[in-house]
Amino acid sequence: MRSRQRMFAAVMRLLLKCLRLGRRRRFKLVRQVEQLWHYGRLCLRSLLYNSFTNSDVVLDSLFEPVYWLVDHVTRWFGVVFVALVIGLTSSIVAIVYICLLPLILQTYTPAWICWHLAYGHWNLLMIVFHYYMAITTSPGYPPQAKDDLTGVSICRKCIAPKPARTHHCSICNRCVLKMDHHCPWLNNCVGHFNHRYFFSFCLFMTMGCIYCSISGWDMFRDAYAAIERMKLLEKERLQVAANQTYYQTPPPTFSFRQRAFHKSIVYLWVLCSSVALALGALTLWHAALITRGETSIERHINKKERQRLQKKGKVFRNPYSYGSWNNWKVFLGVDVPRHWLTRVLLPSPHLPHGTGLSWDLPPCVTEQHAPLLAI
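Residues numbered from 1 in each chain as written. Predicted model: local features only at pLDDT ≥ 70, side-chain atom pairs only at ≥ 80, totals over all residues. Heavy atoms only, no water.

**Focus on the overall build of the chain**
Helices and strands together make up the secondary structure of the chain, namely 10 helices and 8 strands. For the chain, with 375 residues in total, the buried portion stands at 33%. The contacts of the chain with a sequence gap of at least 6 include a subset with a gap of at least 24, amounting to 67%. Roughly 25100 Å² of accessible area belongs to the chain as shown, and the carbon and sulfur atoms make up 65% of that amount. (Helix = DSSP H or I, 4+ residues; strand = E, 2+ residues; numbered from the N terminus. Buried < 20%, exposed > 50% of the residue type's maximum accessible area, 1.4 Å probe, protein only. Contact = heavy atoms within 4.5 Å. Areas by Shrake-Rupley, 256 points an atom, 1.4 Å probe, with all protein chains shown as cover.)

**Examining the pattern of salt bridges**
This structure, assessed with the given rule, holds 5 salt bridges. A salt bridge links Glu298 to Arg165, with the shortest nitrogen-to-oxygen separation between them at 2.6 Å. Linking Glu298 in helix α8 (residues 296–311) with Arg165 in the loop between β2 (161–162) and β3 (167–169), this pair joins segments that are 133 residues apart in sequence. The buried category is assigned to Glu298, whose relative accessible area is 6%. Judged by its relative accessible area of 10%, Arg165 falls in the buried class. Taking the shortest distance from any N to any O, the salt bridge between Arg292 and Glu294 comes out at 2.8 Å. For Arg292, a relative accessible area of 39% corresponds to the partly exposed category. Taking the relative accessible area as the measure of exposure, Glu294 reaches 7% and is therefore buried. (Salt bridge = Lys/Arg side-chain N within 4 Å of Asp/Glu carboxyl O.)

**Some points on helix α9 (residues 324–332)**
An α-helical turn contains 3.6 residues, so a residue and the one three or four places further along point in the same direction. In terms of residue burial, α9 counts as a mostly covered element, since 7 of its 9 residues are buried. When α9 is considered as a whole, its buried residues turn out to be Asn326, Asn327, Trp328, Lys329, Val330, Phe331 and Leu332. For α9, the elements touching its buried residues are α5 (195–215), α7 (256–292) and α10 (339–344). Of the residues one or two after α9, Gly333 is the one with positive phi, at around 75°.

Take it as geometry only, folks, not as evidence of what the structure does.
And the structure:
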């Protein structure tokens, strides 16, 4: 009897020890999980902590995969975009010469004929010249050696000298002098040496589209009404043909040439009007940037710097702005009054002021610009 009691007590003690050991192990496992959770949270916060983090940085981080995709798509499809611009522009020019020009020569007065011929060919010349120069002209790249450069930083991506106003293009995978943006329609970066060609192309293309839209408005209305009549007559013809034999079917009311003419007019007006609205808005945007003496990238940088200094009671002044009028003269390369004709209204391959490595006062600017900071 006593032996049974001793055995039962020994079994109960062993069971209690097992329960205590399991409870200790369970508590130890929970404690380890909590420690790992707190450690991982601390590591994540330490990696992501930045005193300059704000909503813009968070949005840029979230859209980083989208930027990567856009960069790679733009890099490989740049040639396709250029071919698309050339193809659409050529189609408009062909329609004007084949459809509109004979009509203008037959119906307009000699004065209006001279006006359309002179303005149309001048505008076309300016578009072709500036687009070709924007594509083929290098935007400018900083030298790899730092011997001749003073006061420059080092690019974190290409580990090369990075002068003022220079930024790294992720599509071209190199730094660009006075970079504005990478334009897929040019398959080229817009920088110091081709910025004027890019803006002039946008300006003259917008002017050309507006000219075609205004000049072809009456013909567009007539062509659209003719197409609607075509559809109505075609519907009536099919209804009549359903009740007649094959030999009694009437011939089509409009010939193929008439159909092609009216559809070409509608295509021209719709395309020119759409491009005029979209490209016109882009041109106005870049005109505002030029007036302020900054690029698209510098606008975002200056905006953040302006907000930062405003909190300290200071005012930000753009060191590369010489006043609205002088900014345009520097951008267009107008040194003397006759340059408005020879360098702005006529095709001109003149180089911009400066080398893009340093930013001295241009010769066309007589007044000193405001300092960088003002209390």
